[in-house]
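Residue-level structural notes
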Amino acid sequence: LNSNIKQVFYNDNGNKNQTYDLVFKHDFDKKDENLELQVNYSHTENSENTNYLETYFLPALNYNRENTIFGKTDYFQANADYINPISETFKVEAGLEARIQNSGNQFIDNNPSFRSATNSFDFNRSIYSAYTNVSKQIGKWSGQIGLRLEYFDLNATFAINETNPQFSDKQTVKDDLFTIYPSA
């Protein structure tokens, strides 16, 4: 019932990453009034290719198998923040932000002797938000109230396709949510 197995494999991996960042700040003539903008983008690719040669002893059996994995992620983020001190004791802040991520990967298990499969996963997420804060100082006391609005959108899909026996399935998850966050 027990058999000895000898496995020889060759693996080749790759990873590429690019990131770009742009920052801008403008100071207005009024003291402490400013506008800051930031944009960030990154792109990542990962790949892996592995070849297996497996030899079984008792019973004797040889087969080749290949696994291929490819993944890619794009991420974008942009922020804008504005600060305006209306007076020495009263300040207004406001901002916008967008975060967008698109990722996907594919796994291919090519096994001609047994079962082969192709699995994929795609993930797309977007978050958009806006905020405002107002702060006031009266003597030794200070206070701040604020409000943040956020919209979240998610779309993810997982798919599997197998051979021997033939089987496939695809599942999708979707979610969108609007949230209000007050603060004091």
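In this report, the structure presented in the accompanying data block is examined. Bear in mind that the values here come from a model prediction, so they are computed numbers and not experimental data.

**Some thoughts on the overall build of the protein chain**
Each helix and strand counted, the protein chain has 0 helices and 7 strands in total. For the protein chain, the N- to C-terminal ordering of α and β elements is β-β-β-β-β-β-β. Here the protein chain holds 184 residues, and 24% of them are scored as buried. On the protein chain, roughly 12,900 Å² of surface is accessible, and the fraction owed to carbon and sulfur atoms is 54%.

**Topic: unusual backbone geometry**
Here D32, not a glycine, exhibits a phi torsion of approximately 70 degrees, which is positive. If you trace the backbone, D32 turns up in the loop between β1 (4-27) and β2 (34-57).

**As for the environment of D81**
Looking at the secondary structure, you find D81 in strand β3 (residues 61-85). Overall, the relative accessible area of 27% leaves D81 in the partly exposed class. Along the sequence, D81 and N34 sit 47 residues apart, while their C-alpha atoms lie 8.2 Å from each other. Setting aside its immediate chain neighbours within four residues, D81 contacts N34, L35, E36, A94, G95 and Y131. Within the structure, the side chain of D81 is placed 2.8 Å from the side chain of Y131, a separation counted as a polar contact.

**Thoughts on a negative patch on the surface**
Taken together, the side chains of D27, D32, E36 and E88 define an acidic patch exposed on the protein surface. Relative to the helices and strands, D27 resides in strand β1.

**Some details on the pattern of salt bridges**
Within the structure shown, the criterion is met by 6 salt bridges. In this structure, R99 and E97 form a salt bridge, with 3.4 Å as the shortest nitrogen-oxygen distance. Overall, the relative accessible area of 24% leaves R99 in the partly exposed class. Among the charged side chains, a network of salt bridges with common partners joins E97, R99, R148 and E150.

Calculation notes
- Residues numbered from 1 in each chain as written.
- Predicted model: local features only at pLDDT ≥ 70, side-chain atom pairs only at ≥ 80, totals over all residues.
- Heavy atoms only, no water.
- Helix = DSSP H or I, 4+ residues; strand = E, 2+ residues; numbered from the N terminus.
- Buried < 20%, exposed > 50% of the residue type's maximum accessible area, 1.4 Å probe, protein only.
- Areas by Shrake-Rupley, 256 points an atom, 1.4 Å probe, with all protein chains shown as cover.
- Contact = heavy atoms within 4.5 Å.
- Polar contact = N/O pair within 3.5 Å; in protein donor to acceptor, adjacent residues only side chain to side chain.
- Patch = residues over 30% accessible without salt bridge, like charges linked within 9 Å, V, L, I, M, F, W, Y side chains within 5 Å.
- Salt bridge = Lys/Arg side-chain N within 4 Å of Asp/Glu carboxyl O.
- Lys, Arg positive; Asp, Glu negative; His and termini not counted.
- Charge placed at Lys NZ, Arg CZ, Asp CG, Glu CD.

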